[in-house]
Amino acid sequence: MKRNSDFSLEKFSTEKIHAVDAKFEAQKIAFAPLAFQAIRALLDLGIMKAISDSGEDGITVDELVKKTGVSEYGVKVLTEMAVGMHVLLLKNKNKTEYLSLGKIGWFLLEDNLTKVNFNFTNDICYKGAFDLTDSIKNSKPEGLKVFGDQWTTVYEALSTLPPKEKKSWFEFDHFYSDIAFPEALPIVYKNKPKKLFDIGGNTAKWAIASCRFDPDVKVTIVDLPGQTAVAEKNAEEAGFKDRITTFAGNILADSTVLPPEPDAVWMSQFLDCFSLHQITKILKKVHSVATDKTDVYVLEPLWDKQKFEAESYSLQATSLYFTCIANGNSKMYRYEELVNAIEEAGFELKTAHHNLGSNCYSLLVFRKK
């Protein structure tokens, strides 16, 4: 299949920004941790919500103090920073100043993508990000120690994370994958596979969606033991205990041998959890049990296939989470490098469906060469 790998990269190859604006952008980076925490405080203390509720007319500092119970000093330092970030607007009417919500503030308060990213950064990444340099040097997720010293990857720690952190992790993970399911399901089940392997099946979201979509399919979830236990519970609660089974094991371990001859293999936002070398190793295992008619479906957000720069930026930032928290050696991939790693295992790309799920996902379909 002929591949065009850089059709959306033009926006990254030139710069049109003026020097004075570039200097401002540099200051945003220099103070980024403080800016982030200011927004977090505005949200946690209810200040942002109170400003939003005031509508276009806005609200005074005195009124915010009365509504939120936060001191005048606290309201002022936080809102002044937010005004500088253009999160809030400062208006003067009849010699009285009013604060109102700007467009950026609206996205921070109401946009699901922004909220999921913000909570994930705060609860999972923020403290560990301080160790990013050491993570790069050592090829290890040095920031993971904020959750305990016993883990080598975040996936081993998921079942033991505190409730708030666990909620933020799974909301982040599911937000980015689940939104593509409605468009992916008709593509996967067009060929009516009866036996599907869901590798990295996590909490059984795809397996359950599959059973609801196709009454004949049986799904085997392949994942770590902690995750398969959760998947089994969710499958039973959804009424699909007889159609969803699990296969517990570490996919990278040499001792792990997959069951034979699936009709289809599904991997949703799974391969970005591994290095390119590991991706090839995983796909070689899949290759060893696949038939010539087995379809292999890979659903991934590829940062060079995004329509909007905000989505590319989010994915590029997510790579740093993999570096310092998740495993130390994976990232959000570009189209060409991911396809090459899979084809190196003996597969051939047959079709590529881009811009699924609010335009951010690619579904790649492979078969044995």
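The sections below set out a description of the structure shown in this document. (Residues numbered from 1 in each chain as written. Predicted model: local features only at pLDDT ≥ 70, side-chain atom pairs only at ≥ 80, totals over all residues. Heavy atoms only, no water.)

1. A closer look at the pairing of strand β2 (residues 96-101)
Point 1. In this structure, strand β1 (residues 88-93) lies alongside β2, joined through 6 bridges in antiparallel fashion. Looking across to β2, one finds that asparagine 92 is bridged to glutamate 97.
Point 2. Between the antiparallel neighbours β1 and β2 lie 2 residues, among them asparagine 94 with a positive phi of about 55°. (Pairing = 2+ DSSP bridges. Helix = DSSP H or I, 4+ residues; strand = E, 2+ residues; numbered from the N terminus.)

2. Points about empty space enclosed by the protein
Point 1. Taken as a whole and assessed by the stated rule, the structure comprises 2 cavities of 30 Å³ or more.
Point 2. Of the voids in this model, the largest cavity is the one considered here, and its volume is about 110 Å³.
Point 3. Considering the residues around the largest cavity, the lining is formed by 14 residues, among which Phe172, Asp173, Gln269, Tyr321 and Phe322 are closest to the centre.
Point 4. Residue assignment for the lining of the largest cavity shows that the elements contributing at least two residues are α10 (163-178) and α15 (309-326).
Point 5. Taken together, the residues that form the lining of the largest cavity break down as 10 nonpolar, 2 polar and 2 charged.
Point 6. There is about 40 Å³ of room inside the second largest cavity. (1 Å grid on protein atoms, 1.4 Å probe; cavity = no way out; pocket = protein on both sides within 12 Å on 5 of 7 lines; lining within 4 Å. Points joined across faces, edges and corners; volume = space filled by probe spheres on them. Nonpolar A, V, L, I, M, F, W, Y, C, P; charged D, E, K, R; others polar.)

3. Section: α15
Point 1. Taking 1.5 Å per residue, 18 residues should reach 26 Å; α15 reaches 24 Å between its end C-alpha atoms and fits that length.
Point 2. Among all positions in α15, only Ser312, Ser314, Leu315, Thr318, Ser319, Tyr321, Phe322, Thr323, Cys324, Ile325 and Ala326 are buried.
Point 3. Phi turns positive one or two residues past the end of α15, at glycine 328, with a value near 85°. (Expected span 1.5 Å × (residues − 1). Buried < 20%, exposed > 50% of the residue type's maximum accessible area, 1.4 Å probe, protein only.)

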